[in-house]
Amino acid sequence: MSRQHIVVVDDDDKIISLLRRSLAFEGYEVTTASNGAEGLKTLLTADPDLLILDVMMPQIDGWEVCRRVREGGSTVPILMLTAKDDINDRVRGLDLGADDYLVKPFALEELLARVRALLRRKSDKLEEQGNQLVYEDLALDMDAREAIRASRRIELTSKEYDLLLLFMQNPRRVLTRDSIMEKIWGYDFSGESNVLEVYIAMLRQKVEEGGGSRLIQTVRGTGYVLRGEAG
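The shown structure was predicted, so the numbers you read here are calculated from the model rather than taken from an experiment. (Residues numbered from 1 in each chain as written. Predicted model: local features only at pLDDT ≥ 70, side-chain atom pairs only at ≥ 80, totals over all residues. Heavy atoms only, no water.)

Whenever I open this one, the sheet that holds strand 8 (residues 146-149) confuses me. Can you help?
Strand pairs in the sheet, formed through backbone hydrogen bonds, run parallel or antiparallel to each other. Strand order in the open sheet formed by 4 strands is 6-7-8-9, with antiparallel pairing between adjacent strands. Lying at the two open borders of the sheet, with one neighbouring strand each, are strand 6 (132-135) and strand 9 (152-155). The mean angle between the axes of side-by-side strands here comes to 20 degrees, regardless of whether they run parallel or antiparallel. For strand 7 (residues 138-141) and strand 8, the ladder comprises 4 bridges, and the chain directions are antiparallel. The residue bridging alanine 139 from the neighbouring strand is isoleucine 148, located in strand 8. (Pairing = 2+ DSSP bridges. Helix = DSSP H or I, 4+ residues; strand = E, 2+ residues; numbered from the N terminus. Axes fitted to C-alpha atoms, helices over the stretch in contact; angles between N-to-C directions.)

Pasting the structure below:
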């Protein structure tokens with residue numbers, strides 16, 4: 001069985017060295033690049049199972065690399081590394097198609113856990129058929145991986161799709177925050193992380209665009225539920 005291949009793009013030599021050694025020790029094949037331009041060239045010839053991408057880099061930053069990777073049609077899981085714990089930075093990366101983010105400085109054990117979770121999610125993807133899930137006026141096209149509401153097609157990032165699919169498979173059922181994190185990310189974030197809230201906000205914005213009513217309701221102190229405002 002071939003080893004899973006991870007590409008690491010970061011301009012910090014110490015981080016490159018640390019991740020190369022640590023990921024290789026865990027059994028992964030590792031390719032590195034020291035800037036965004038070099039990273040894009042590497043991705044032209046490599047078909048990695050995971051991309052670890054720093055945000056602040058010379059020549060081409062991580063956001064632009066992420067945008068080009070997704071525009072090229074690649075669905076490779078992307079873990080972004082950012083030196084700023086800023087909500088705008090996180091939203092920007094996630095909106096461009098990143099699957100996860102980690103703020104520097106990070107604990108190596110946490111990075112490895114996120115790597116394992118992203119790779120597990122990738123390998124666990126089911127072969128999806130050309131059918132739909134429907135709740136009220138919202139439909140989820142599982143072939144096109146997009147939502148449709150009032151004849152309006154809604155393009156979704158990979159994680160937005162996974163999140164909406166979970167809700168559509170469990171209508172009117174209250175899903176706890178912990179259960180959502182486990183099913184979508186495959187591991188438990190620290191209690192202070194608000195990545196789920198960021199994704200819920202982005203998903204609501206897309207689903208409710210054009211005046212659509214709220215379908216993803218907050219259940220305070222518990223989690224979220226797919227339910228019309230009338231109950």
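The rest of the description comes next.
Got a minute to help me understand the pairing of strand 8 in this structure?
Put simply, side chains in a regular strand alternate between the two faces of the sheet. Burial along strand 8 is two-sided: Glu146 and Ile148 and Ala147 and Arg149, pointing in opposite directions, are all buried. The hairpin formed by strand 7 and strand 8 contains 4 residues between the paired strands, and arginine 145 there has a positive phi angle of roughly 55 degrees. With 4 bridges connecting them, strand 8 and strand 9 associate as antiparallel partners. Bridge pairing links glutamate 146 to glutamate 155 in strand 9. Connecting strand 8 to the next strand, strand 9, in antiparallel fashion are 2 residues, including alanine 150 with a positive phi near 50 degrees. (Buried < 20%, exposed > 50% of the residue type's maximum accessible area, 1.4 Å probe, protein only.)

When you look at helix 1 (residues 13-25) in this model, what are you seeing that I'm missing?
Residues spaced three or four apart along an α-helix face the same direction, because each turn holds 3.6 residues. Here helix 1 is 13 residues long and its end C-alpha atoms lie 18 Å apart, about the 18 Å a rise of 1.5 Å per residue gives. Turning to helix 1, its buried residues are Ile15, Ile16, Leu19, Ser22 and Leu23. All buried residues of helix 1 fall inside an arc of 150 degrees around its axis, so they share one side. In helix 1, the exposed positions angled more than 90 degrees off the buried face are occupied by Asp13, Lys14, Arg21 and Phe25. Its side-chain oxygen at 2.9 Å from the backbone nitrogen of lysine 14, aspartate 12 defines the N-terminal cap of helix 1. (Expected span 1.5 Å × (residues − 1). Arc of directions from axis to C-beta. Polar contact = N/O pair within 3.5 Å; in protein donor to acceptor, adjacent residues only side chain to side chain.)

What exactly am I supposed to notice about the UniProt feature "modified residue: 4-aspartylphosphate" (unreviewed entry) in the protein chain here?
The residues that UniProt annotates with the feature "modified residue: 4-aspartylphosphate" (unreviewed entry) are Asp54. Tracing the sequence through the fold places aspartate 54 in strand 3 (residues 50-54). The class of aspartate 54 is buried, set by a relative accessible area of 4%. With residues up to four places along the chain from it excluded, the contact list for aspartate 54 reads Val9, Asp10, Asp11, Gly62, Leu81 and Lys104. (UniProt positions renumbered as here; feature names shortened; annotations may be inferred. Contact = heavy atoms within 4.5 Å.)

Is there a simple way to explain the packing of helix 6 (residues 158-169) against helix 7 (residues 177-185) in this structure?
The angle between the axes and the distance between the axes are what describe a pair of packed helices. Axis separation between helix 6 and helix 7 bottoms out at 10 Å; the angle between their running directions is 130 degrees. In terms of their interaxial angle, helix 6 and helix 7 are classed as oblique. Crossing angle aside, the handedness with which helix 6 passes helix 7 is right-handed. Contact residues: helix 6 offers Lys159, Asp162, Leu163, Leu166 and Phe167, while helix 7 offers Ile180, Lys183, Ile184 and Trp185. Among the residues forming the contact of helix 6 with helix 7, the class breakdown is 6 nonpolar, no polar and 3 charged. (Parallel < 35°, antiparallel > 145°, perpendicular 65-115°, else oblique. Left-handed = near helix turned anticlockwise from the far one by under 90°. Nonpolar A, V, L, I, M, F, W, Y, C, P; charged D, E, K, R; others polar.)

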